[in-house]
Amino acid sequence: MDQTPTPPTPPAKPAPANRVLPPRLKQSAIVIVGFTALLYLVELLDVVLPVNLDNGGIVSRSLSGLDGVLWAPLLHGDWAHLLANTAPVLIFGFLAMAGGLGPWIAVTATIWILGGLGVWLIGPGGNTVTIGASGVAFGWLAFLLVRGLFNRSIKQIGLAVLLLAWWGSMLWGILPGEPGISWQGHLFGALAGILAAWLYARANRGKSAGQASAAASGPATLGTELTGKGPTGKGPTSKGKAKTGRWARSSGKTG
């Protein structure tokens with residue numbers, strides 16, 4: 001009787017959803033440093049050019065200010081505002097790339113758009129313009145704090161505890177209080193980050209289930225039909241069928 005050997009099972013690799021650090025450290029560092037450099041370039045242009053780029057931020061409940069959802073995270077009131085956001089952007093943005101560049105873009109887009117829309121809906125009225133990357137930074141932080149719970153990852157939960165111990169005081173920024181600070185941007189950025197973490201974990205569970213199903217059916221498929229002839233020479237010795245079973249300050253300007 002002919003038999004088809006079953007190939008050895010390759011060693012399991014860490015699931016992308018459960019990583020703590022980006023899989024490509026150099027690429028991730030280049031991306032987040034490049035994004036931060038863009039923020040500094042935009043602020044430099046705002047200082048040098050004869051136009052006030054900060055007016056391109058979010059003007060709440062105004063159709064003319066709705067496009068500010070796209071531009072607000074790139075704009076800052078002054079160098080001190082940008083400097084205050086630099087470390088959170090670099091650290092949280094880098095760590096949020098643990099799932100790879102593609103998922104990071106999806107997570108960031110979710111935070112960017114939904115956080116901005118939340119500011120547009122309930123932000124301060126009048127001529128107040130909301131700007132700043134802190135809403136995105138809050139979204140990344142919230143994403144990092146809860147993704148381990150959704151992914152059931154001890155390592156990610158451990159990282160979340162460390163981040164909470166070091167940066168936890170930032171979370172007070174989601175509450176109203178300090179004049180000139182857009183708590184709405186912080187709040188909706190954080191909520192969007194939690195939503196992004198849930199969506200990402202859900203997508204990865206579905207992907208993992210599909211891969212597990214394919215792996216389980218693979219060895220059976222290899223031996224579904226043997227073509228050696230039996231003693232009578234009239235047909236195969238045996239046949240088998242396998243069952244197969246993409247994520248602020250306020251003072252007249254906020255961000």
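I will try to describe carefully the structure that is included in this document.

1. Focus: the overall build of the protein chain
Of regular secondary structure, the protein chain possesses 7 helices and 2 strands. Along the protein chain, helices and strands appear, N-terminal first, in the series α-α-α-α-β-α-α-α-β. Expressed as a percentage of the 255 residues in the protein chain, the buried residues total 40%. Carbon and sulfur atoms make up 68% of the accessible area of the protein chain, which totals about 14,100 Å².

2. Regarding the packing of helix α4 (residues 101–122) against helix α5 (residues 134–151)
Two numbers describe how α4 lies on α5: the axes approach to 9 Å, and their chain directions differ by 125°. Here α4 is positioned oblique relative to α5, judged by the angle of their axes. The two elements α4 and α5 meet at a crossing, and its hand is right-handed. Only G135, V136, G139, W140 and F143 of α5 make contact with α4, whose side of the interface consists of W104, V107, T108, I111 and W112. For the contact of α4 with α5, the per-class residue count stands at 7 nonpolar, 3 polar and no charged.

3. Regarding helix α1 (residues 25–48)
Here α1 spans 34 Å end to end across 24 residues, near enough to the 34 Å set by a 1.5 Å rise per residue. Looking only at α1, the buried set comprises S28, I32, F35, T36, L39, V42, E43 and D46.

4. Points about helix α3 (residues 79–95)
Its 17 residues give α3 an end-to-end C-alpha distance of 25 Å, which sits within 8% of 24 Å, the value for a rise of 1.5 Å per residue. At N85, α3 is deflected by roughly 30°, the largest bend along its length, and proline P88 occurs up to four residues later in sequence. Listing the buried residues of α3 in full gives H81, L82, N85, T86, P88, V89, F92, G93 and L95. Where α3 is buried, its residues contact α1, α4, α5 and α6 (154–167).

5. Brief notes about the environment of T110
Tracing the chain through its elements places T110 in helix α4. Given the relative accessible area of 12%, T110 is considered buried. Sequence separation between T110 and G189 is 79 residues; the distance between their C-alpha atoms is 9.1 Å. Among the polar contacts made by the side chain of T110, one reaches the main-chain carbonyl oxygen of A106 at a distance of 2.9 Å.

6. As for the packing of aromatic side chains
For the structure shown, the criterion picks out 6 aromatic pairs. Ring geometry for F35 against W112: centres 6.2 Å apart, planes inclined by 70°, an arrangement best described as edge-to-face. Pair noted here: F35 is in helix α1 and W112 is in helix α4, with a separation of 77 residues, a long-range link. The burial state of F35 is the same as that of W112; both residues are buried.

Quick notes on the rules
- Residues numbered from 1 in each chain as written.
- Predicted model: local features only at pLDDT ≥ 70, side-chain atom pairs only at ≥ 80, totals over all residues.
- Heavy atoms only, no water.
- Helix = DSSP H or I, 4+ residues; strand = E, 2+ residues; numbered from the N terminus.
- Buried < 20%, exposed > 50% of the residue type's maximum accessible area, 1.4 Å probe, protein only.
- Areas by Shrake-Rupley, 256 points an atom, 1.4 Å probe, with all protein chains shown as cover.
- Axes fitted to C-alpha atoms, helices over the stretch in contact; angles between N-to-C directions.
- Parallel < 35°, antiparallel > 145°, perpendicular 65-115°, else oblique.
- Left-handed = near helix turned anticlockwise from the far one by under 90°.
- Contact = heavy atoms within 4.5 Å.
- Nonpolar A, V, L, I, M, F, W, Y, C, P; charged D, E, K, R; others polar.
- Expected span 1.5 Å × (residues − 1).
- Bend = angle between axes of the 7 residues up to and from the residue.
- Polar contact = N/O pair within 3.5 Å; in protein donor to acceptor, adjacent residues only side chain to side chain.
- Phe/Tyr/Trp six-rings, centres within 6.5 Å; stacked < 30°, edge-to-face > 60°.

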